[in-house]
Amino acid sequence: MSVEEHRADASGERRRDFAFGLLIVSDSRTDKTDQGGPLMRTLVTGAGHRVVAQSRVRDEVDAVREAVLGFLAMPETEVVLLSGGTGFSPRDVTVEAVRPLFEREIVGFGELFRMLSFEVVGAAAMLSRATAGFVGTRAIFLLPGAPAAIELALTRLVLPEIRHLLGQARRPAVSERRST
C-alpha cells in the first residue's frame, strides 16, 4: 500500500475541508503590520478549508489561553493555529499558555518543523519551541510568528496531513470498534 493509499484508508475522514481558528500572539504587531495572520488565512483558504474565527492577543498566558478556549468553545472549530510567542524571549509564553490544555501532544510536529527549519536557517532552528497537540479531537498548532516559518509549517506539515491527522484522532477506540 502506498503512503497516499494508507492516508486515504487510515484517515477515515472523507471530508476535504476543515474549520480553522487563527490566533496571532503579539505585543508588537497590529492589523497594519501583521503579515502572519493574512498569510495563515490565505494558505488555509487556498487549501480549500474555512476560517471560522480569527483574532489577535498580547503575549500574556491568560489572554492566549482564554482565546484558545474561546475557539474550542465553538463547536465548528476543528483546528486552531497560533502564530507567535514560541521562542525564548521573556514575553514568549504561547507554549506555557497552551501546552497544559493538550490531552495528547503531537511531538513529531515540533521535531519535523525544527528539522525543516534547520535546512533554511541552520542552528537557529533550535530556538523554536513550535509544538502541537490535541484537545479532544481538535488539533492545535503553535507556530512561530515569522511569515517564512508559518509558510513552512503550513505548506510542508499541517495542510498536507490535516485530513489524515484528524481522521486518526476521530477513529473509535479499539474497544468501541469491537462492540459494534
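Structure: see above.
On a predicted model such as this, the values are computed, not experimentally measured, just so you know.

Criteria and thresholds
Residues numbered from 1 in each chain as written. Predicted model: local features only at pLDDT ≥ 70, side-chain atom pairs only at ≥ 80, totals over all residues. Heavy atoms only, no water. Helix = DSSP H or I, 4+ residues; strand = E, 2+ residues; numbered from the N terminus. Buried < 20%, exposed > 50% of the residue type's maximum accessible area, 1.4 Å probe, protein only. Contact = heavy atoms within 4.5 Å. Areas by Shrake-Rupley, 256 points an atom, 1.4 Å probe, with all protein chains shown as cover. Polar contact = N/O pair within 3.5 Å; in protein donor to acceptor, adjacent residues only side chain to side chain. Core = buried A, V, L, I, M, F, W, Y, C linked by side-chain atoms within 4.5 Å.

The helix and strand tally for the protein stands at seven helices and six strands. When each of the 180 residues of the protein is scored for burial, the buried share is 46%. Residue pairs in contact within the protein that sit at least 24 positions apart in sequence constitute 76% of those at least 6 positions apart. Roughly 9200 Å² of accessible area belongs to the protein as shown, and the carbon and sulfur atoms make up 55% of that amount.

In this section: the environment of H49. By the element assignment, H49 lies in the loop between α2 (36-46) and β2 (50-57). The class of H49 is buried, set by a relative accessible area of 7%. With sequence-adjacent residues up to four places away left out, H49 is seen in contact with R16, D17, F18, F20, V44, L159 and I162. A polar contact is formed between the side chain of H49 and the backbone nitrogen of F18, at a distance of 2.9 Å.

Turning our eyes to something else, we now look at the nonpolar core. Within the largest apolar cluster, 31 residues are counted, with the highest numbers of intra-cluster contacts made by F20, M40, L81, F109, F141, L154 and I162. Going through the elements one at a time, β1 (19-25), α2, β3 (79-83), α5 (107-121), β5 (131-135), β6 (138-143) and α6 (147-170) are the ones with two or more residues in this core. Considering each element in turn, this core owes the most residues, eleven residues, to α6. Setting aside residues no more than four positions away along its own chain, F109 makes contact with A130, T131, A132, F141, L142, L143, A153, L157 and V158. Within the second largest apolar cluster, 19 residues are counted, among which are L23, V57, L82 and A97.

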